[in-house]
Structure formats: C-alpha cells, structure tokens
Amino acid sequence: MNELILAIESSCDETSVAVIKNGDTILSNIVASQIKSHQRFGGVVPEVASRHHVEQITLCIEEALTQADTQPEELSAVAVTYGPGLVGALLIGLSAAKAFAWAHSLPLIPVNHMAGHIYAARLVKPLVFPLMALLVSGGHTELVYMAEDGSFEIIGETRDDAAGEAYDKVGRVLGLPYPSGKEIDRLAHLGSDTYHFPRAMIQEDNFDFSFSGLKSSFINFVHNAQQREEALSVENLAASFQASVVEVLVHKTLRACQAYPVNQLIVAGGVAANQGLRDALQEAMQELPEVELLIPPLRLCGDNAAMIGAYAHVALKKQRLADLSLNADPSVSFAHPIS
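The shown structure was predicted, so the numbers you read here are calculated from the model rather than taken from an experiment.

Rules behind the numbers
- Residues numbered from 1 in each chain as written.
- Predicted model: local features only at pLDDT ≥ 70, side-chain atom pairs only at ≥ 80, totals over all residues.
- Heavy atoms only, no water.
- Helix = DSSP H or I, 4+ residues; strand = E, 2+ residues; numbered from the N terminus.
- Rg over C-alpha atoms; globule rule 2.2 N^0.38 Å.
- Buried < 20%, exposed > 50% of the residue type's maximum accessible area, 1.4 Å probe, protein only.
- Contact = heavy atoms within 4.5 Å.
- Areas by Shrake-Rupley, 256 points an atom, 1.4 Å probe, with all protein chains shown as cover.
- Core = buried A, V, L, I, M, F, W, Y, C linked by side-chain atoms within 4.5 Å.
- Pairing = 2+ DSSP bridges.
- Axes fitted to C-alpha atoms, helices over the stretch in contact; angles between N-to-C directions.
- UniProt positions renumbered as here; feature names shortened; annotations may be inferred.
- Polar contact = N/O pair within 3.5 Å; in protein donor to acceptor, adjacent residues only side chain to side chain.
- Phe/Tyr/Trp six-rings, centres within 6.5 Å; stacked < 30°, edge-to-face > 60°.
- Right-handed = clockwise from strand over helix to strand, strands pointing away.

### Considering the overall build of the protein chain
In step 1: Scanning the protein chain from terminus to terminus reveals 10 helices and 10 strands.
In step 2: For a compact globule of 339 residues, the expected C-alpha radius of gyration is about 20 Å, and the protein chain comes in at 20 Å, within 12% of that figure.
In step 3: Within the protein chain, buried positions represent 53% of all 339 residues.
In step 4: Considering only residue pairs separated by 6 or more positions, the protein chain has 74% of its internal contacts joining residues 24 or more positions apart.
In step 5: Accessible surface, the protein chain as shown: approximately 14,300 Å² in total, 50% of it carbon and sulfur.

Dropping the structure here:
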C-alpha cells in the first residue's frame, strides 16, 4: 500500500500544499506566491503574508488533493512546517494542518523547514549517506553533516548575515526589485569581478561564514562613489559581490567535504537556484570525483510543500509525530528539534 502524505508549507510568503507518495514522488505541489504583494514594500511584510495565507490555504489544500486525485481517507498523515519562519505565517499552516488531521483522524508530522529544503533533493534521486548539505536559504547559511537518514549535525553556520540576507540588502542598494537574488545573478553574468570585495573568514580553520562585512563593504563602496559622483558599473558591482559570496561558500564547502566522509553533496534552499553558485560548485567538485553533487531543480529550491512531504516520510518512519498542541517555533534549529 502506498504512503500518501498531505504536506503544508506557510513559513514565509508562499502558501503551498502537496501530496507526496512514498517520500519521493510528487503527485501535486501547489504554490501560491505573494511576490507581487510584497514588491512595493521591498521585502516581506509579515502581516500581509499572514492575511494571504488565510485566503489561500483552503484553496491550496483542495487543489492539491484534486490534482493528486486523492481522497482524504487515502492519506497516511498530514505534515506541516512548524518553524523556522514568520510566526503569524506559520500559525496559519499549523491551524489548517491540525484541523485537517483532527477531522480525518490522521497522524500529524511536525517538519523543520530547513530539513525540508535538504530533502527536496530526495525528490530528484535517493540520498546516499553519509552526506554533506550546504543550506543557503533566507536567513540561514549552514553546512550540515548527515551521518544517516533524519540526522542533522551543523558543522558550520553564519555568525551574522546569511548569504540570502546579504543578497537582499545589496539588491536594495542597487535599486533592484524584490526579490533581488535572481536579478543580481543575471547581472553578475554580464559583468566581472573588478571591485574585489572581501572574502570574510575564508582562511579561518573552521566551517563558519560571515557576510555582514561584505554587505557593509559593498554599501560603503557604493555610497562613497555616489558622494564623489563617480559612475559605477551595476553589472560589475553585481559580479564582484557574487564572486565574493560564491568563493567563500564553495571554498568552505569543498573543505568540509574533504574533512568528512561523504558520498553526496546536497545544495539546498533558495540561493541554490543561483546559477553562479551552481556553476562554481560543479567545477570545484571535480576535485572530489567520488562525491556526487546533487542540486534540486529550480522549482524545488524555493519554499514548497513537496520538500516538506519528502522529509515527513522519514519522520513518519521514525514516529516523530506531534499532537494537536503543536505550536509554531519561529527560531527552531536542528540543535533543538521538537522531539
């Protein structure tokens, strides 16, 4: 008998519901984006995001079940993101998941959003442990070592700004529309690294990251040029900024894969959609031909419920379940899971 999991994701500004079969097959993956609603503000407004989730969540559930040709009584469980994320947004998805699970007497599976990003790769091909994951999503930049299924050990993380946050802030300085990461990536391929911004912590004997200094260096460089009325190339600015981010990420990731016994390297999260990062990792990992590089397709790099369902398959096997008292945890980490 097939295992069918209804998965719900609402941690930020996408309302998403999916039906996943046996942890690796997508029967449906509905994503209602709010980008246009937040563009005028230059970033996500939590209250606006929550209101959109309220409007979309029931429609997304209905559409996911219809597209998957699945009835509630055929489901094995309901999975939902309980953190990290915006607390108001998380609570909408949690409320819907708990109500659905209660109404249909289904087990409730709490899922860490970051675990979901990593397990998006399982929707491409089987994971082979032990493995390393470079997790670059929103406010998170982490290197996660996984000795086995469902085991997460953070061996390196950002000490201040994450890579995604630096992209957003640099995008604002350049006057780019939100979200700016895709546009910076496009511009970077039209320019060159002429401004040579710092590569923070690249030579330090650890796997941690820091992008606050790069962000400050970039902002100060642009502001000083404006005060001198000096013209700067937007393409070269984007290329120089991206070159710094990518070099640090690739260098630390490569060292981590050399230091730990791994069969695969997974790149996960929204920044995994960055073509500059993808290309640089493809080239760098040629030094380690025994390690398979696994990057999900673009449609699975952003927030989506399919990845939540992929990890929920593992959680269900390990009986990592929750009752109806499950609450949102906007700052949950791998170090402090729910169970």
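### Observations regarding the nonpolar core
A general trend in soluble globular proteins is that nonpolar side chains are found buried together.
In step 1: One finds Met 132, Phe 211, Phe 241, Leu 265, Val 267 and Leu 277 to be the most contacted residues of the largest nonpolar core, which totals 49 residues.
In step 2: Elements that contribute at least two residues to this core include exactly strand S6 (131–137), strand S7 (140–146), helix H5 (163–173), helix H6 (181–188), helix H7 (212–227), helix H8 (234–259), strand S9 (264–268) and helix H9 (275–284).
In step 3: In terms of residue count, H8 provides more of this core than any other element does, 12 residues in total.
In step 4: The residues touching Phe 211, leaving out its near neighbours within four places in the chain, are Thr 141, Thr 158, Asp 160, Asp 161, Ala 162, Ala 163, Ala 166, Val 245, Val 248 and Leu 249.
In step 5: Formed by 37 residues, the second largest nonpolar core is a distinct cluster that contains Ala 77, Leu 123, Leu 131 and Tyr 311.

### Some thoughts on the sheet that holds strand S1 (residues 4–9)
In step 1: Read from one edge to the other, the open sheet built from 5 strands follows the order S3-S2-S1-S4-S5, with strand pairing classed as mixed. Each end of this open sheet is capped by a strand with a single partner; those strands are strand S3 (25–33) and strand S5 (108–112). Strand-to-strand twist across the sheet, computed as the mean angle between neighbouring axes with direction ignored, equals 20 degrees.
In step 2: Most of the contacts of helix H2 (residues 46–67) go to strand S2 (residues 14–21), to which it runs at about 20 degrees, and overall it touches S1, S2 and S3.
In step 3: Strands in contact with helix H10 (residues 305–317) are S1, S2, S3, strand S4 (77–83) and S5; relative to S1, the strand with the most contacts, it is inclined by about 130 degrees.

### Details of the UniProt feature "binding site: Fe cation" (unreviewed entry) in the protein chain
In step 1: UniProt feature "binding site: Fe cation" (unreviewed entry): in the numbering of this structure it lies at His 113, His 117 and Asp 303. Taken along the chain, the residues just named run across 191 residues; in space they keep tight, none of their C-alpha pairs more than 8.6 Å apart.
In step 2: Structurally, His 113 is set in helix H4 (residues 113–119).
In step 3: For His 117, the residues in contact, after removing those within four places along its chain, are Leu 135, Ser 137, Ala 268, Gly 269, Gly 270, Cys 301, Gly 302, Asp 303 and Met 307.

### Some words on the environment of Asn 2
In step 1: Residue position: Asn 2 is located in the segment before S1.
In step 2: In this structure Asn 2 touches Lys 21, Asn 22 and Ser 76, once residues within four positions along its chain are discounted.
In step 3: A polar contact of 3.1 Å, which involves the side chain of Asn 2, links it to the side chain of Asn 22.

### A look at the pairing of S3
In step 1: Pairing analysis gives 8 bridges linking S2 to S3, with the strands arranged antiparallel. Across the sheet, the residue bridging to Val 17 is Ile 30, located in S3.
In step 2: Turn length for the S2-S3 hairpin, with the two strands adjacent in sequence and antiparallel, is 3 residues, and the turn residue Asn 22 shows positive phi of about 55 degrees.

### Section: the packing of aromatic side chains
In step 1: Tallied over the entire structure, the rule returns 13 aromatic pairs.
In step 2: Aromatic pair Tyr 119 and Phe 152: ring centres 6.4 Å apart, planes at 70 degrees, arrangement edge-to-face. One end of the pair, Tyr 119, is in helix H4; the other, Phe 152, is in the loop between S7 and strand S8 (153–157), and 33 residues separate them in sequence.
In step 3: Exposure remark for Tyr 119: the relative accessible area of 0% places this residue in the buried category.

### Comments concerning the pairing of S9
In step 1: Of all 5 residues in S9, 5 are buried, a share of seventy percent or more.
In step 2: Residue alternation in S9 divides its side chains into two sets, Gln 264, Ile 266 and Ala 268 and Leu 265 and Val 267, and both sets are buried.
In step 3: With 5 bridges connecting them, S6 and S9 associate as parallel partners. Directly across from Leu 135, in S9, lies its bridge partner Ala 268.
In step 4: Of the strand pairs in this sheet, S9 and strand S10 (residues 292–294) are connected by 3 bridges, and their pairing is parallel. If you follow Leu 265 over to S10, its bridge partner there is Leu 293.
In step 5: Read as a crossover between parallel neighbours, the route from S9 over H9 to S10 is right-handed.

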